[in-house]
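# Fold and geometry: a report
These are the residues of each chain, in order.
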Amino acid sequence: MNTAETVSHAEVQAFLDEVLALDIPKKYSDWYQVDVSAVLNDCQIQGHEVDETSGDSLVFLKSSLLFCSPELGVMRHYPRSLVHCFVEDKRPEQNKDEELLFRGELFSITPESEQLCWVRDCTSDHEIPETQSKISGWMKWLNQA
């Protein structure tokens, strides 16, 4: 294995290790280990995010991203040019009825049944710095030349 292949394999394995550490049904883990790993074979992952509750994930590639949902049984590929980011800071509003303080959203301009909607909501101040860091990574990826 050459250096690029070794790095690629290590990135895919790091992603799979994170997913497999989740408390998700075995059929979801198997889906990631077999189907998703086959699709990502020889891909160079630039980053990934995993939703610990649902087991859904985003895999950031050089010029696209892959959304994986074991519950839906789908892998959806989005070119970077179709992905957008919104950030909403509701802290200045201080609305007592509103629990949401801060939100970041990656979404796609695609047909409704195929839309990407990856959201990070913050309902407490201590969650905001981590979410801002994630959004910074999204922006870095979106702005690559």
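Residues numbered from 1 in each chain as written. Predicted model: local features only at pLDDT ≥ 70, side-chain atom pairs only at ≥ 80, totals over all residues. Heavy atoms only, no water.

## Here we look at unusual backbone geometry
A positive phi angle, near 70°, is found at Asp42, a position not held by glycine. Position of Asp42 relative to the elements: it lies in the loop between helix H2 (26-39) and strand S1 (47-50). Judged by its relative accessible area of 60%, Asp42 is exposed. (Helix = DSSP H or I, 4+ residues; strand = E, 2+ residues; numbered from the N terminus. Buried < 20%, exposed > 50% of the residue type's maximum accessible area, 1.4 Å probe, protein only.)

## Overview of the packing of aromatic side chains
Scanning the entire structure with this criterion turns up five aromatic pairs. Between the aromatic rings of Trp31 and Tyr32, the centroid separation amounts to 5.1 Å while the plane-to-plane angle is 75°, which identifies the pairing as edge-to-face. Of the two residues, Trp31 and Tyr32, neither departs from the other in class, the shared state being buried. Judged by centre distance (5.2 Å) and plane angle (70°), the ring pair of Phe60 and Trp141 falls under edge-to-face. Residue Phe60 is located in strand S2 (residues 57-60), and its partner Trp141 is located in helix H3 (residues 128-142); the two are separated by 81 residues in the primary sequence. For Phe60, a relative accessible area of 6% corresponds to the buried category. Among the aromatic residues, those joined into a cluster by ring pairs are Phe15, Trp31 and Tyr32. The ring centre of Trp141 lies 5.5 Å from the NZ or CZ of Arg80, which sits over that ring. (Phe/Tyr/Trp six-rings, centres within 6.5 Å; stacked < 30°, edge-to-face > 60°. Lys NZ or Arg CZ within 6 Å of the ring centre and 35° of its normal.)

That's the geometry; what it means functionally is another story.
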